[in-house]
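# Coordinates in review
Residues per chain, in single letters:
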Amino acid sequence: MVAFHLRATLSRILRSPSRLPTSPYALPLFSPHRHSLLSYSAAAAAASSSGSFAVEDYLVSRLGLTPAQAHKAAAKLSHLRSSAKPEAVLAYLDSTLGIPAADVGRAVVIEPRFLCAKVEKTLAPRIADLHDLGLSRDEIARLVALAPGSFHSRWHNSILSADLDKIARPNVAFLRQYDLNISDIAGASLYHTRLLTMNPELLKEAVQRVEELGINCGTRMLRQALPVVAFTDRDVLAKKMQLLHNIGFSKDDVLTLAKKQPIVLALSEQKLQGNLDFLMNDVGLEVPYIVPRPVLLKYSVERRLLPRRWLLKVLKEKGLLKFELDYYVTASMAEKEFVEKFVHPFKNHVPGLANDYASKCLGKAADGVA
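All figures in this text were calculated on a predicted structure; none of them were measured in a lab.

## A closer look at helix H5 (residues 84-97)
Here H5 spans 20 Å end to end across 14 residues, near enough to the 20 Å set by a 1.5 Å rise per residue. The buried fraction of H5 is high, at 10 of 14 residues. Positive phi shows up at Gly98, right after H5, with a value of about 70°.

## Points about the nonpolar core
Core analysis: the largest hydrophobic core is formed by 50 residues, its most contacted members being Leu226, Phe249, Leu279, Leu297 and Tyr327. Examining the composition of this core, we find that six residues originate from one element, helix H13 (residues 221-230), more than from any other. Residues contacting Leu297, with those up to four places away along its chain left out, are Leu257, Val264, Leu267, Lys271, Leu272, Asn275, Leu276, Leu279 and Ile290. Ala73, Leu93, Leu115 and Ile140 belong to the second-largest nonpolar core, a separate cluster that totals 34 residues.

## Considering the packing of helix H18 (residues 301-317) against helix H21 (residues 353-361)
At a closest axis distance of 8 Å, the pairing of H18 and H21 adopts a crossing angle of 155°. On the basis of their axis angle, the class for H18 and H21 is roughly antiparallel. Note on packing geometry: the crossing formed by H18 with H21 is right-handed. Contacts from Glu302, Arg303, Pro307, Arg308, Trp310, Leu311, Val314 and Leu315 in H18 reach Leu353, Asp356, Tyr357, Lys360 and Cys361 in H21. Split into classes, the residues belonging to the contact of H18 with H21 amount to eight nonpolar, no polar and five charged.

## A word on the confidence of the model for the protein chain
Mean pLDDT over the protein chain stands at 79; residues scoring 70 or higher make up 75%. Predicted confidence for residues 1-7 stays below pLDDT 50, and this span has 13 contacts to residues more than four positions away or in other chains. In this model, residues 155-162 is a region of pLDDT below 50 whose contacts with residues beyond four sequence positions or in other chains number 15 contacts.

## Some points on empty space enclosed by the protein
Under the counting rule described, the total for this entry stands at two cavities of 30 Å³ or more. Here the second largest cavity is characterised by a volume of approximately 40 Å³. Arg304, Leu305, Arg308, Arg309, Leu312, Tyr327, Thr330 and Ala331 are the residues that line the second largest cavity. Broken down by secondary-structure element, the contributors of at least two residues to the lining of the second largest cavity are H18 and helix H19 (327-332).

## So, the environment of Leu325
Of note, Leu325 is situated in the loop between H18 and H19. Residues contacting Leu325, with those up to four places away along its chain left out, are Leu312, Thr330 and Phe342.

How each quantity is defined
Residues numbered from 1 in each chain as written. Predicted model: local features only at pLDDT ≥ 70, side-chain atom pairs only at ≥ 80, totals over all residues. Heavy atoms only, no water. Helix = DSSP H or I, 4+ residues; strand = E, 2+ residues; numbered from the N terminus. Expected span 1.5 Å × (residues − 1). Buried < 20%, exposed > 50% of the residue type's maximum accessible area, 1.4 Å probe, protein only. Core = buried A, V, L, I, M, F, W, Y, C linked by side-chain atoms within 4.5 Å. Contact = heavy atoms within 4.5 Å. Axes fitted to C-alpha atoms, helices over the stretch in contact; angles between N-to-C directions. Parallel < 35°, antiparallel > 145°, perpendicular 65-115°, else oblique. Left-handed = near helix turned anticlockwise from the far one by under 90°. Nonpolar A, V, L, I, M, F, W, Y, C, P; charged D, E, K, R; others polar. pLDDT = per-residue confidence, 0-100. 1 Å grid on protein atoms, 1.4 Å probe; cavity = no way out; pocket = protein on both sides within 12 Å on 5 of 7 lines; lining within 4 Å. Points joined across faces, edges and corners; volume = space filled by probe spheres on them.

Here it is as structure tokens:
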């Protein structure tokens, strides 16, 4: 229900009149002529099958849903008798926003009824309003993926509209003072869009708390830090900071962690404790090494850090690694790069190495390497 109201409010905000100037060089998202919109429906109707319409088969073959996803989505699309409406939506989104059918499929998994949106009455006006507001094609496409429910029915526009002037508009205006525009917020995640619907006084307080952490609110880091601080209780944050103090992090260390990677403060105490236990006790890292590399606290111990440490230890014990490796370099390396550098070259030298490493990454015990 919270997500429902959030998507509805965001849609209402973005449809409101904008004072932002529209670039004279911006290409129109669609032809303003009525016949161009009707052509989507006409073409779709012509392409639809004259026989019986199997919704689940269509969702799998046309949109790439799995059979399980298609079965679940079809329950909300049982009224469809042909592919006319879905094809109209697909044609419009592809030509207007460049969204391929596979990406539309991911939105349909979230909100199946999005596939039945009325192009001329709902979808086109909604997207035109977002474009006039200043959002780019990519940003609107991102918003479609995040909140497809806000695009399939005009009824969504009126939800929480009574709070628009008292809450949403003041929040948008306040965030713009810190160079945070709607596109910055809407293009991030639904988690970020909650900033638009929270109490304006609490939003101002959250910005003040961000500044207390030493984060410059005039930088892009505000976009990462503000949701974390705004939606985390002050006492909860204090407990996490105290946990870090107890482990050996100074106040300045904690502030550095927060400034470099604000999302660390959103991690659970169990997650923080578990990662630090592994990094400090198993790997042997010290606080001064961890502080400038806070991303280490985000990685999964079971599925990333532990399997990689195990594999490198095996290679070292067998004399296959002739040089010392920086821990952060190997931990932060993309999985594909890590496998190409440390698994494939040695899989013939160490039987079972690749399979055992893959099993460990899945959280399974694997001790087949001799």
